[in-house]
Amino acid sequence: MLACSSDNRQTARIPDFPKPGDSSRTEGALRALTRSINQSAPASAYAKRAVLLLEMGRTRDALADIDEAISRNDNAGSYYLTRAQILRALQQPEKALVNAQRAEILGIDTPELYTLQGDLFQQQNQFDKARLYVARALQMAPYDGEAYFFNGLMAAKQGDTVQALALYQQALRLKPRYLEPYNQLASIYRILGDVASALAYNSQALRYFPKNARLSYSRGLIYHTAGKVDSAMTYYQQTVGVQPTYYQAYFQMGLINQKYRNYYAALGNYQRVQQLRPQFPRIDTYLGYCHEQMGQYELAIAAYTKATQQNPADRQAAAGLWRSDRRRYAKSPYNSLFLPDAPAETSTQGRAVLDTTRVRITTIQPKAQVIGDKGDSLRRAVKPIGQN
């Protein structure tokens, strides 16, 4: 009888979801689900554990669990909804949308699904479809903060900042513990130069999410753009303390160290960026610049050469390569332009001796600086990368 028991009967022994924000109960539920799975629990146990793992930020583990649940039962619409949410968190919107549509076909009819589909369509700039699904979600749940947020995102993408601000604020009124509107509001006010408002929204978010690396990084950017680099550096360091792989923070620290000619520290920051994100835009140009300023011309040439190979239009890398090559040439003890102080005293019999004291040497002067400080992004204090 036990061996033939149905999925529904085994589900009765699986613990319910804990309340949001209750970390101790979440850990307890996770342990209970793991024990159930180890005892050959049904697909629903894997699906429930996937939801918990997603809430804990363990997206790869969550994806493995939901894949296992679907392999055991491929007709449960809620499983596809969960997989769509996980794939969205993994920044795979196309795959997420396929799973969300499968969930709809299998009968899922919830505001959660329609809001998710609205988000996935707006990520692909299909705004008409996105609005349709968000409107459907609001018909079913007029106080859904996420739906207002995604409407705000679409307004911002289409250049209506005033409408976007209003929708983000409405989203927070309906859902005060919703992280994304805080990030968007702080970013918009930072770009507008309203430092006080940007810091205010960032501070509100930090009260709810004190260990969130993105919020720490955002606060660093706010101080950075306001010229308060000491405070900015503090929050960038706090960011990598919370999340050591947050490469954008290392890059911003590199810009600050470079600005104050602390090239050794800047080089370390940029090298860390390259380790974490080898394809980071123009990182070899920044590495080359630091090597050049430290007199490490061979390393500078190698970095600049790689940068010009990857992007022949990188004029700063090309100029740096020219400078470094000339400086290495001038520094070399074997440079023929720098002759000994006295001519050689020995000669081969029967061969004329060249009197080098009569030879006039004209050294080659370096060209004028190719790129001025004003247009040189290597000398800028702030260069935010990506969506903040």
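Here the structure is a predicted model, which means the values were calculated and not measured.

Calculation notes
Here the residue numbers are simple positions, counted from 1 along each chain's written sequence. Side-chain atom pairs in this predicted model are given and counted only at pLDDT of 80 or more, local residue features only at pLDDT of at least 70, and totals for whole chains, interfaces and linings cover all residues. Side-chain calculation: all heavy atoms of the structure are included, whereas hydrogens and water are not. A helix here means a DSSP run of H or I that spans at least four residues, while a strand means a run of E at least two residues long, and both kinds are numbered starting from the N terminus. Using a 1.4 Å probe on the protein chains alone, a residue whose accessible area is under 20% of its type maximum counts as buried, one over 50% counts as exposed, and one in between counts as partly exposed. Note on contacts: a residue pair qualifies if any of its non-hydrogen atoms lie within 4.5 Å across the two residues. In this description, accessible areas are obtained by the Shrake-Rupley approach with a 1.4 Å probe, and a residue is regarded as covered only by the protein chains that are shown. We define a salt bridge as a side-chain nitrogen of Lys or Arg found within 4 Å of a carboxyl oxygen belonging to Asp or Glu. Aromatic rings from Phe, Tyr and Trp, with only the six-membered ring used for Trp, were paired whenever their centres fell within 6.5 Å, and each pair was classed as stacked if the ring planes differed by under 30 degrees, edge-to-face if by over 60, and tilted otherwise. Any Lys NZ or Arg CZ that is within 6 Å of a ring centre and within 35 degrees of that ring's normal is treated as a charge sitting over the ring.

Draft legend 1. Representation of the overall build of the chain in the model. Counting secondary structure elements, the chain contains 19 helices and zero strands. Taken across its 388 residues, the chain has 43% of its residues classed as buried. Within the chain, counting contacts between residues at least 6 apart in sequence, those at least 24 apart form 51% of the total. Surface accessibility of the chain: about 22000 Å² in total, with carbon and sulfur atoms responsible for 50%.

Draft legend 2. Representation of helix H17 (residues 283–293) in the model. Along H17, ten of the eleven residues are buried, which leaves the element largely enclosed by surrounding structure. Among all positions in H17, only Ile283, Asp284, Thr285, Tyr286, Leu287, Gly288, Tyr289, Cys290, His291 and Glu292 are buried. Of the surrounding secondary structure, the elements contacted by the buried residues of H17 are helix H15 (247–259), helix H16 (263–276), helix H18 (297–310) and helix H19 (315–331). Looking at the residues trailing H17, positive phi occurs at glycine 295, about 80°.

Draft legend 3. How the structure looks around the pattern of salt bridges. Counted by the stated rule, this structure contains 15 salt bridges. One salt bridge connects arginine 328 with aspartate 325, and the closest N-O pair in it is separated by 2.7 Å. Of the two residues, arginine 328 and aspartate 325 both sit in helix H19, three residues apart, roughly one turn of that helix.

Draft legend 4. Local environment of the packing of aromatic side chains. For the structure shown, the criterion picks out 17 aromatic pairs. Plain terms: the ring middles of tyrosine 217 and tyrosine 236 are 5.8 Å apart, the flat faces sit at 40° to each other, and that makes the pair tilted. One end of the pair, tyrosine 217, is in helix H13 (residues 213–225); the other, tyrosine 236, is in helix H14 (residues 229–242), and 19 residues separate them in sequence. The pair tyrosine 217 / tyrosine 236 is uniform in exposure class, with both members buried. By way of ring pairs, the aromatic residues Tyr247, Phe251, Tyr270, Phe280 and Tyr286 are connected into one cluster. Seen from the ring of tyrosine 80, arginine 102 lies directly overhead, with NZ or CZ sitting 5.6 Å from the centre. Its end group placed over the ring of tyrosine 178, lysine 175 keeps NZ or CZ at 4.7 Å from the ring centre.

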